[in-house]
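# Observations on the model geometry
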Amino acid sequence: MEERAALLARVSAGSGTEIKDPATGAVIGRVAFGTPDDVAAAVDTAAAAQPGWDALGDQDRCAALMRAADAIDAHAEELAYVVSREQGKTMNGLGARYEAAGCAAWVRAAASTPLPVEVLVDEGSSHAELHYRPIGVVGAITPWNWPMIIACWQIAPALRMGNTVVQKPSEYTTLTGLAIVQVMNEALPPGVLTAVTGAGDVGDALVRDRRVGKVMFTGSVQTGMKVIEASAGNMPRLTLELGGNDAGIVLPDADPGAIAEGLFWGAFINNGQTCAAMKRLYVPDAIYDEVVDALAGIAAKVPMGVGLDEGNALGPLQNQMQWNVVNRLVEEAKARGARVVMGGDPDAGAPGYFYPKTLIADIDNAAPLVQEEQFGPALPIVRYTDLEEAVQWTNGVDVGLGASVWSADREKALAIAARLQAGTVWINSHGGIDPRVPFGGAKHSGYGLEFGVEGLKAVSVPQVISG
Ligand code: NAD
């Protein structure tokens, strides 16, 4: 066995459901999926560990998290191997090694962001200050697209603030979820971080458990709405990081050659399976053909294939369900007369869930490929003549995670940015995140913020001490 495969072997169960590599169909391990009954035991463990973890104090908790980040670094290649085999992403580029390195960076950031007591009033005998106390047990529910780093985004701030965590990975990427929890647990006291495996019914049981005081949920809008309903009886606080349909708007003064690479990776990062990837692109008539040609030129050079092959930059889709979504949306676009610039012709007989890099031009804004979240490597490029129309189209969907404006004139771009209904607007790039900068959605993309000091506040109870 390859040395870097040791962690994958350790988290695999001896029996249970076979887990297959999405690039090849090869069996890579097995998972013993849990049931809703397993949730109570996991929450018991977390609830029992919480007072001791809180009593450790902020400094010692941060030190433990720093050691957890060191453990992630020490196992980075093994973690990257697990996520590449199970999720399908490539080892290189914005892939598995990048995700593993990001995990360590975000854990360190959560452990080193200051959150001092805020003195609100200090006038004679009047004194009021704001403290941030632990909530208790946090339930952390993750999707399958960035299965390791999203788990860290939920786990690390929650632990920092004195909570304990029960993590439920996506049923599509369970081995990866177990791997990151196991590695972090090398540095954490027992019971502070527990994983439960299983599908939506297990996530639902976690939301409904009366001892869970906060749910960090990242996933689709549809499931986010179910989480809101399930939470009504128990009122855990919620952070909901949900789906998006991010638009990019190119302004007429942009240089197509200069922006093409940024546009491509903004859309195709992780094969489009990224919440804040650019999922539709609006380009003015005056430079439309140049932008499309420049994008096609970049796309043609990006190698797609098995994630473990070091030369590849894009892998397969993670699962059949997502492959079907992308295929349906592209077929519908073709049927309504859109122009296929590249791709759109998957080899259905080939092994794995590969879908070719696809650019669809001269597509109308009402097409499902524009209006729905494709979450895959198929970018619709919509032509516009009136910038007002592009702004309206951008805002004309229920979701609002991110958006981007591409222009040589920063002031012009800023003026458009201010009018877009999105949690983040990037100028001349799309999708970049930073552990110091809060991230969250507008409209149906969810509520609550992650990262930075806002992210720490979101996993704590504010308490005013007055007098
Ligand atoms: P999903 O909603 O199908 O599943 C997410 C998680 O929820 C899984 O662990 C699943 O088992 C669990 N779940 C399913 N039903 C549940 C229920 N009733 N109660 C509680 N938990 C339940 O999402 P997915 O397909 O895994 O992920 C893709 C989606 O996630 C995309 O829409 C993407 O845009 C979104 N996403 C958003 C962000 C963000 O930060 N905003 C980040 C990554 C992905």
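Shown above is the structure to which this text applies.
An account of the accompanying structure is given in this report. Quantities reported herein were computed from a predicted structural model and do not represent experimental measurements. (Residues numbered from 1 in each chain as written. Predicted model: local features only at pLDDT ≥ 70, side-chain atom pairs only at ≥ 80, totals over all residues. Heavy atoms only, no water.)

So, about the pairing of strand 4 (residues 126-134). Inspection of the sheet shows strand 3 (residues 118-123) paired to strand 4 by five bridges, in the antiparallel sense. In the strand pairing of strand 4, valine 121 is matched with alanine 128. Here strand 3 folds back onto strand 4, and the loop between the two strands holds two residues, one of which, glycine 124, carries a positive phi near 55°. Across seven bridges, strand 4 lies against strand 19 (residues 460-466) in antiparallel orientation. Each bridged residue has a counterpart across the sheet, and for arginine 133 the counterpart in strand 19 is valine 461. (Pairing = 2+ DSSP bridges. Helix = DSSP H or I, 4+ residues; strand = E, 2+ residues; numbered from the N terminus.)

Attention shifts here to the packing of aromatic side chains. Overall, the coordinates contain 11 aromatic pairs when judged by the stated rule. Taken together, a centroid distance of 6.4 Å and an interplanar angle of 70° make the contact between tryptophan 144 and tyrosine 172 edge-to-face. With tryptophan 144 in the loop between strand 5 (137-141) and helix 6 (149-160) and tyrosine 172 in the loop between strand 6 (164-168) and helix 7 (174-185), the pair connects residues that are 28 residues apart, well separated along the chain. Centre to centre, the rings of tyrosine 282 and tryptophan 393 are 5.5 Å apart; their planes meet at 35°, and the pair counts as tilted. You can see tyrosine 282 sitting in strand 11 (residues 278-284) and its partner tryptophan 393 sitting in helix 14 (residues 387-395), a full 111 residues away along the chain. When the ring centre of tryptophan 146 is taken as origin, the NZ or CZ atom of lysine 89, which lies over that ring, is 3.5 Å away. (Phe/Tyr/Trp six-rings, centres within 6.5 Å; stacked < 30°, edge-to-face > 60°. Lys NZ or Arg CZ within 6 Å of the ring centre and 35° of its normal.)

Our focus in this paragraph is the pattern of salt bridges. Applying the stated criterion to the full structure yields 29 salt bridges. A salt bridge links glutamate 388 to arginine 419; the nearest nitrogen and oxygen atoms lie 2.8 Å apart. Of the two residues, glutamate 388 is situated in helix 14 and arginine 419 in the loop between helix 15 (410-417) and strand 17 (424-427); the sequence distance between them amounts to 31 residues. When its relative accessible area of 35% is taken as the criterion, glutamate 388 is described as partly exposed. Arginine 419 gets classed as partly exposed once you look at its relative accessible area, which sits at 39%. A salt bridge links aspartate 434 to arginine 436, with the nearest nitrogen and oxygen atoms 2.7 Å apart. Overall, the relative accessible area of 22% leaves aspartate 434 in the partly exposed class. A single salt-bridge network, built from bridges that share partners, covers Glu2, Arg4, Glu77, Arg97 and Glu310. (Salt bridge = Lys/Arg side-chain N within 4 Å of Asp/Glu carboxyl O. Buried < 20%, exposed > 50% of the residue type's maximum accessible area, 1.4 Å probe, protein only.)

Spatially, the seven strands line up as an open sheet ordered 12-13-14-11-10-16-17, and their pairing is mixed. On the outer flanks of this sheet lie strand 12 (339-342) and strand 17, each paired with one strand and no other. Recorded for the sheet is a direction-independent mean angle of 25° between the axes of neighbouring strands. Looking at chain direction, strand 16 (residues 402-406) and strand 17 are connected through four bridges and run parallel. (Axes fitted to C-alpha atoms, helices over the stretch in contact; angles between N-to-C directions.)

Time to look at a nonpolar patch on the surface. Judged by side-chain polarity, Leu120, Val121 and Val464 come together as a nonpolar surface patch covering roughly 240 Å² of accessible area. Note that valine 464 resides in strand 19. (Patch = residues over 30% accessible without salt bridge, like charges linked within 9 Å, V, L, I, M, F, W, Y side chains within 5 Å. Areas by Shrake-Rupley, 256 points an atom, 1.4 Å probe, with all protein chains shown as cover.)

Core analysis: the biggest nonpolar cluster contains 69 residues, and Ile72, Leu79, Ile180 and Met184 have the highest contact counts within it. Counting the residues that make up this core, at least three belong to each of domain 1 (3-242 + 445-466) and domain 2 (246-427). Residues within four places of isoleucine 72 in sequence aside, it is in contact with Leu79, Ala100, Cys103, Ala104, Val107, Cys152, Ile180, Val183 and Met184. Among the nonpolar cores identified, the runner-up in size contains 29 residues, and Ala338, Ala378, Val382 and Ala413 belong to it. (Core = buried A, V, L, I, M, F, W, Y, C linked by side-chain atoms within 4.5 Å. Domains from an automatic or database assignment. Contact = heavy atoms within 4.5 Å.)

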